[in-house]
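# Coordinate inspection notes
Spelled out from the first residue to the last, the chains are:
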Amino acid sequence: MEQWSREKRYQKFEDVSPETMAELKKQIDVSAFRQTYHIQPQTGLLNDPNGLIYFNGQYLLSHQWFPFGAVHGLKYWFHYKGENLVHLKPQGPIIKPDTPYDSHGVYSGSAFEFEGQLYYMYTANQRTASWQRKSTQMLAKINEQGDLEKLTTPVIAMPPKGYTQHFRDPKVFQKNDRLYAVIGAQRENRTGTVLVYEADHPESTWTFKGEIQTDLNAFGFMWECPDYFQLNGKDVLLFCPQGIESEENRYQNIYQSGYIIGTLDFDTLHFEHESFVELDNGFDFYAPQTFLDESKRRVLIGWMGLPDTQYPTDNEGWAHCLTLPRILTYESGKLKQKPHMDLRKLRHNKETALGYANKFIKQLHPYEGERYELNIDILENEASAIEFHLRASKNEATVIRYETATRRVILDRFDSGQLPYPVEDTVRITELSSDLEQLRIFVDTSSIEIFCNDGEKVLTSRIFPNPQSNKIKVVTDSGQVYLKMTKYDIIVDENGAH
Ligand code: FRU
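Going along each chain's sequence as written, the residues are numbered from 1 onward. Local features in this predicted model are restricted to residues whose pLDDT is 70 or higher, and side-chain atom pairs enter the listing and the counts only when it is 80 or higher, whereas totals over whole chains, interfaces and linings include all residues. Here the side-chain values reflect all heavy atoms present in the structure, with hydrogen atoms and water set aside.

## Considering the side chain of D280
For the record, the criterion: Secondary structure elements are taken from DSSP: a helix is a run of H or I of four residues or more, a strand is a run of E of two residues or more, and numbering for both begins at the N terminus. Counting of polar contacts relies on pairs of N or O atoms within 3.5 Å, with two restrictions inside protein: one atom must be capable of donating a hydrogen and the other of accepting it, and residues adjacent in sequence are counted only when both atoms are side-chain atoms. Contacts are residue-level and defined by heavy atoms, with any inter-residue pair within 4.5 Å sufficient.
Inspection of the secondary structure assignment puts D280 in the loop between strand 17 (277–278) and strand 18 (286–292). Only 2.6 Å separates the side chain of D280 from the side chain of T460, close enough to count as a polar contact. Contact partners of D280, with chain neighbours within four places excluded, come to F285, R326, V458, L459 and T460.

So this is what it looks like as structure tokens:
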């Protein structure tokens, strides 16, 4: 492992020559794990998606970025732009750590439109001489020349009384003609919560309104990356609690990302809600953010990675990617997540097949590949359990297993290739509320996203198999299944330069 001195971690992108950056880029371009249709760092480390918005006919998206290697150093926002959600073009850093307030990182935040103008609110991270953390919330806007202009002082200068400096990730939204920001926070008793601020203009005073009052009063030590929105008249609060103990098949990852749904009273901030539900049941998912697409659908994009974990690409000088965009809906009392329709633009070479599978493992022809969308309809199921082996070879396979009696879907990464570290266990298990009828699976060079039953459950994971592991196989424990499979190669043409 490369050693990172504090000096190197806090080096500025502006101080490094384009030649050095080109050299770094050349090094990572030869990685066998570079993705093709997922947003990944040009160099260095990517984490949270930031500032997602559809504005003036374009999708704008940024991500947390440390340019020089796979460590969490001095953070920038790296920016992308495009006319749809799959052909986004890199634009370079957009918000830079160039004020005393954000001297130690431009942390996560959001975008919003106000009176036709584009604004960003983000957390400015500062370390004092004695390395004490100081968090303030800053505002930036895109001026008439199209340049980013920061307000010279923070719009929220410190956390309110009773909260620590773990105070970050403002998500701004408009409701009843008022502006609100939800901000992740930690109480002085070291429990996590979400705070609400209010303003009538982005550049006027932001007033502290209070905490969102939930039933989760001692649910982890910090809540990061909150988001609030409505779906079908229901209020939804997303957040990422840190410090939750795992319980059977729940909360298996180091940190969680999930939601509560119900009714939030904006006068009292009392939230009448159902229990906390994890958004994703895979290995690698964190810090999602939502926005409205051009048809006002609620779209979610997450970070396909986790803090405090080493990944196999770290020693290649880069780490992580974003998830694919998903549409959130609320149907028959359930939040569902489905792949965004823009992903259809990437489909090539459709292959369909209809047939039985049984306990003799069957390798599918001509079904193979490293990058594809695979849709499986389970038309009849008399098997006790079904397994789909993807990215498979003699020695490797990423296994999706469905156990009929318990309706459990199990993702097994044991034989997937190289593994992140330290990660609890090599399986992730989730239970469906009805029989498994359909899977939509997106495989890229080093990731898999599995949507079960029209988006009831999603499992998202990085995998690091050998490039030669490209087979697709099906097998049952006993009994047979009748399947319809549709596979599309995913090819990004020159318009999609991730
Ligand atoms: C979540 C997070 C945020 C913070 C950012 C810093 O992954 O820790 O809370 O703003 O990453 O990169």
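## Structural notes on the environment of T263
Our working rule: Classification of residues uses two cut-offs on accessible area relative to the type maximum, computed with a 1.4 Å probe and protein chains only: under 20% is buried, over 50% is exposed, and between them is partly exposed.
Take T263: it is sitting in strand 15 (residues 258–264). Its relative accessible area of 52% is what places T263 among the exposed residues. As a C-alpha pair, T263 and G233 span 30 residues in sequence and 8.7 Å in three-dimensional space. Apart from residues lying up to four places away in sequence, T263 is in contact with D235, H270, F271 and E272.

## With respect to the pattern of salt bridges
We apply this condition: In the sections that follow, a salt bridge refers to a side-chain nitrogen of Lys or Arg positioned within 4 Å of a carboxyl oxygen of Asp or Glu.
One pass over the full model with this rule turns up 28 salt bridges. Here D29 makes a salt bridge to K25, at a shortest N to O gap of 3.1 Å. Placement of both D29 and K25 in helix 2 (residues 18–29) is noted, with a separation of four residues, approximately one turn of the helix. With relative accessibility at 45%, the residue D29 sits in the partly exposed group.

## Considerations on the UniProt feature "domain: Glycosyl hydrolase family 32 N-terminal" (unreviewed entry) in the protein chain
Test applied: UniProt positions are given in the numbering used here, feature names are shortened, and annotations may be inferred rather than shown by experiment.
Within this structure's numbering, the places UniProt gives as "domain: Glycosyl hydrolase family 32 N-terminal" (unreviewed entry) are residues 38–339. For residues 38–339, the helix share is 0%, the strand share is 54%, and the end-to-end C-alpha distance is 13 Å.

## Remarks on the pairing of strand 1 (residues 44–55)
Within a regular beta strand, the side chains point alternately toward one face of the sheet and then the other, so they alternate between its two faces. So the rule is basically this: Whether two strands pair comes down to DSSP finding at least two bridges between them.
The element strand 1 is extensively covered by neighbouring structure, given that eleven of its twelve residues are classed as buried. Inspection of the sheet shows strand 1 paired to strand 20 (residues 318–319) by two bridges, in the parallel sense. Across the sheet, residue G44 finds its bridge partner in strand 20, namely W318. Of the strand pairs in this sheet, strand 1 and strand 2 (residues 58–66) are connected by seven bridges, and their pairing is antiparallel. In the strand pairing of strand 2, I53 is matched with L60.

## So, unusual backbone geometry
With an omega of -10°, the peptide bond running from Y421 to P422 counts as cis. Tracing the backbone shows P422 in the loop between strand 28 (408–415) and strand 29 (427–431). Positive phi values are uncommon outside glycine, yet D308 reaches one of about 55°. Mapped onto the elements, D308 comes out in the loop between strand 19 (298–303) and strand 20.

## Things to note about the packing of aromatic side chains
Using the following cut-off: Pairing of aromatic rings covers Phe, Tyr and the six-membered ring of Trp, with a centre-to-centre limit of 6.5 Å; geometry is then stacked below 30 degrees between planes, edge-to-face above 60, and tilted otherwise.
Under the definition given, this model contains 31 aromatic pairs. Here W4 and F66 contribute two aromatic rings whose centre-to-centre distance is 5.5 Å and whose plane-to-plane angle is 75°, an arrangement assigned as edge-to-face. Here W4, found in the segment before helix 1 (6–9), pairs with F66, found in strand 2; they are 62 residues apart in sequence, far enough to count as distant. On the basis of relative accessible area, F66 is assigned to the buried category, the value being 0%.

## As for empty space enclosed by the protein
Note the threshold: Only protein atoms enter the 1 Å grid used here, on which a cavity is any set of points holding a 1.4 Å probe that cannot leave and a pocket is any open set flanked by protein within 12 Å on both sides along at least five of seven lines; residues with an atom within 4 Å of a point are listed as lining. Grid points are joined across faces, edges and corners, and a volume is the space filled by probe spheres set on the points. Three categories are distinguished: nonpolar for Ala, Val, Leu, Ile, Met, Phe, Trp, Tyr, Cys and Pro, charged for Asp, Glu, Lys and Arg, and polar for the others, with Gly belonging to the last.
Here the structure, examined in full by the defined rule, presents four cavities of 30 Å³ or more. Roughly 90 Å³ of internal volume is contained in the largest cavity. In terms of residue class, the lining of the largest cavity is built from eleven nonpolar, three polar and no charged. Estimates place the volume of the second largest cavity at around 80 Å³. Forming the boundary of the second largest cavity are 13 residues, of which D169, C225, P226, P288 and Q289 lie nearest the centre. At the level of secondary structure, the elements contributing two or more residues to the lining of the second largest cavity comprise strand 1, strand 5 (106–114), strand 9 (163–175), strand 13 (222–231) and strand 18. Tallied by class, the residues present in the lining of the second largest cavity amount to six nonpolar, four polar and three charged.

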